[in-house]
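Below are the chains, spelled out letter by letter.
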Amino acid sequence: MSPPENPEILSRPLGVPGSITHAVLGAGDPGFLPLASGLAATRPPPRPSRLGPESFGVSGAGARTRLESVLRGEGAFVTAGHQPVLLLGPLYVLYKALTAISLAARLERTLGAPVVPLFWIASDDHDWDEVGSAAILDQSDAARTLTLPVPAGGERRSVGSHVVDGPAMDVLDTLPEIVPESEFTAHYLELVRDAYAEGRSVSAAFARFLAGVLGDRGYVWIDSAKPDVRRAAVPLYRRLLADWDGALEAEAAGGRALLASGFEAPISRVEDALPLFFDDGGGRRRVRRDGTARPESWHERLEAAPESFSPNVASRPALESYLFPVVATVLGPGEIAYWSQLGPLFGHLDVPLPSIHPRAAWTLVEARTRRVLERTGLSPQDLAGGAEPVVERLTREARPEAVERALGRFREGAETGMAAIEDAVAQEVPGLRGAAGKMRKGVLDAVSGLSRQVDRATRQRLDVRLGQVRRAGANLFPRRRPQERVLNPLSFLCRYGPGLVERLARETDRQVASFLAGRAGDG
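A short tour of the structure in this document, coming up. For every chain, the first residue of the written sequence is number 1, and numbering continues from 1 onward in sequence order. Reporting in this predicted model follows two pLDDT cut-offs: at least 70 for local features of residues, and 80 or more for side-chain atom pairs to be given and counted; totals over whole chains, interfaces and linings ignore these cut-offs and use all residues. Water and hydrogen atoms play no part in the side-chain values, which are based on all heavy atoms of the structure.

Quick notes on the pattern of salt bridges
Okay, so step 1: The term salt bridge refers to a pairing of a side-chain nitrogen on Lys or Arg with a carboxyl oxygen on Asp or Glu at a separation within 4 Å. Taken as a whole and assessed by the stated rule, the structure comprises 26 salt bridges.
Okay, so step 2: Between Arg368 and Glu366 there is a salt bridge, with the nearest N and O atoms lying 3.2 Å from each other.
Okay, so step 3: A 1.4 Å probe rolled over the protein chains alone gives each residue an accessible area, and that area as a share of the maximum for its type sets the label: buried under 20%, exposed over 50%, partly exposed in between. By relative accessible area, which is 25% here, Arg368 ends up partly exposed.
Okay, so step 4: Arg510 is the salt-bridge partner of Glu507, the closest N and O atoms lying 2.6 Å from each other. Placement of the pair is Glu507 and Arg510 together in helix 22 (residues 498–516), with a separation of 3 residues, close to one helical turn.
Okay, so step 5: Three or more residues are tied together by salt bridges with common partners; here these are Asp141, Glu366, Arg368, Arg471 and Arg495. Working definition: helices are DSSP H or I runs of at least four residues, strands are E runs of at least two. Numbering for both runs from the N terminus.

Pasting the structure below:
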């Protein structure tokens, strides 16, 4: 079996005009966040980590040596993170990791100190519907969603507490029927089997599969739900609890700053709730002060059960920079939006705000899809609204011109003639006005019916071509969303092998270099 032709890797804008992301990354705009492109070529100030090397996973021996240097205060981290989604989740999770790896290498050369890429596995998250599913492109270019069953009682528990069980293994056993067959398929299916072994936590499985896909690229990772990580976070949580009103005001100030700039705050505030969660054994719930939970009681719970506390979307970024010396972080568009309201909270907690860098954003255009685009004169973006509007247009354009003209002339004549008949009947035989209206409707319905039959016949004649357009649309914009936000990388990896990751890494490195040089606009 000869290997398929490699896909094109097309860059796509990360922030749409008018969005917070576009404002932050836009050329010439001061932005709401410090950008990695503004980092000076000076060593970051020494700041040791609050965790030891045993808390981290490493991609290889070289990564461990450099990790130990950073933890001693001799360097810094570039962070990226995501929930431990099934099989790495959508493509953009892989793109985010590759961006962090590239950015760390370039900043290390610029700053003259060790800079290690760190992937934060947010296994505190309790959104099982997101974590436990993956949309796999099957052999017919349809997105097939694999969904792991929710563990009993796990709907509101941190996903890090769940393990891969028998029902989950049954779901994963369907993969050979879905992914394309190639010389690489057996390798990647073996990586899946190795990572998602029964009894392993979903976060550990995610880390193992990511390591299998990326190989030793000098990166490290950490699981946010590990007991030592949660214990190390306690002093930061004490700061939040010690000045409840100050924390609430800092959150409010971030929202007001965005509103003053013309944007809605992405993070909604909950009345009298700190940006913290507490797991009471039945699920995660917000840390709030009310009639049943005084602030003093939360202090007592934190000291008695520190491992039951975890950050929310607002405090997690500050926690990273509290625990580690973070020089820059890699963010997607949604993350850039909500980080833009976090500056006051970082300041309130006395935690340095790192510079940010947009993750790479790609569209993979496979050779068969490119051929369809060329035959139909389409660009990938033409399918952004889904394939059906394009199918309708192509059908209209393919309709027999003589029939179209004849139907148009008849419809115009019928409209005129029937209007004249209705007027005459209304004047001379008013009792038959309803009959004339029915006649008019019947004639026009007959024209419309014939027109639909012409459409069906045209579609039948174009069946293969339109089917190819639908497949291209499902590949590039599945469910009318960008490919990278829906499709899982597994099918692409099975089809193109490790060489695809190498090409993505090279393209990502070029994009990172361009952004650092100030030439990338919105990324």
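Alright, that's what it looks like, and here's the rest.
Describing helix 16 (residues 367–376)
Okay, so step 1: Regarding helix 16, the residues found buried are Ala367, Thr369, Arg370, Val372, Leu373 and Thr376.
Okay, so step 2: Two residues or fewer past helix 16, Gly377 is found with a positive phi of approximately 70 degrees.

Digging into the sheet that holds strand 9 (residues 284–288)
Okay, so step 1: Strand order in the open sheet formed by 3 strands is 9-8-10, with antiparallel pairing between adjacent strands. If you trace the sheet from one side to the other, it starts and ends with strand 9 and strand 10 (309–311), each paired once. Neighbouring strand axes in the sheet, compared pairwise and without regard to direction, differ in orientation by 45 degrees on average.
Okay, so step 2: The pairing of strand 8 (residues 273–279) with strand 9 spans 4 bridges and is antiparallel. Criterion used throughout: strands pair if DSSP finds at least two bridges between them. What counts as an axis is a line fitted to C-alpha atoms, over the stretch in contact for a helix, and the angles between N-to-C directions run from 0 to 180 degrees.

Focus: the pairing of strand 11 (residues 326–331)
Along a regular strand, successive side chains alternate from one face of the sheet to the other.
Okay, so step 1: For strand 11, the buried fraction is high: 6 of the 6 residues fall into the buried class.
Okay, so step 2: Across 3 bridges, the pairing between strand 3 (residues 76–82) and strand 11 is parallel. Bridge pairing in strand 11 places Val78 opposite Ala328.
Okay, so step 3: Inspection of the sheet shows strand 11 paired to strand 12 (residues 355–358) by 4 bridges, in the parallel sense. Pairing of Thr329 across the sheet is with Ile356, part of strand 12.

So, the side chain of Thr21
Okay, so step 1: In this structure, Thr21 sits in helix 1 (residues 20–25).
Okay, so step 2: For Thr21, a relative accessible area of 3% corresponds to the buried category.
Okay, so step 3: Think of a polar contact as two N or O atoms within 3.5 Å of one another; within protein, one of them needs to be a possible hydrogen donor and the other a possible acceptor, and neighboring residues in sequence only count if both atoms come from side chains. Among the polar contacts made by the side chain of Thr21, one reaches the main-chain carbonyl oxygen of Pro333 at a distance of 2.8 Å.

Focus on the nonpolar core
Nonpolar side chains tend toward joint burial in soluble globular proteins.
Okay, so step 1: Counting residues in each nonpolar core, the largest one holds 76 residues, and the members touching the most others are Val78, Leu87, Leu175, Tyr196, Phe209 and Leu490.
Okay, so step 2: For this core, the element with the most residues is helix 3 (residues 91–111), which contributes 13 residues.
Okay, so step 3: Should any heavy atoms of two residues lie within 4.5 Å, those residues are counted as being in contact. If sequence neighbours within four positions are ignored, Leu87 has contacts with Ile136, Leu172, Leu175, Val192, Tyr196, Phe209, Asn488, Pro489 and Leu490.
Okay, so step 4: Val58, Val229, Val287 and Ala314 belong to the second largest nonpolar core, which has 62 residues in total. Put simply, a nonpolar core is a bunch of buried Ala, Val, Leu, Ile, Met, Phe, Trp, Tyr and Cys residues held in one set by side-chain atoms that sit within 4.5 Å of each other.

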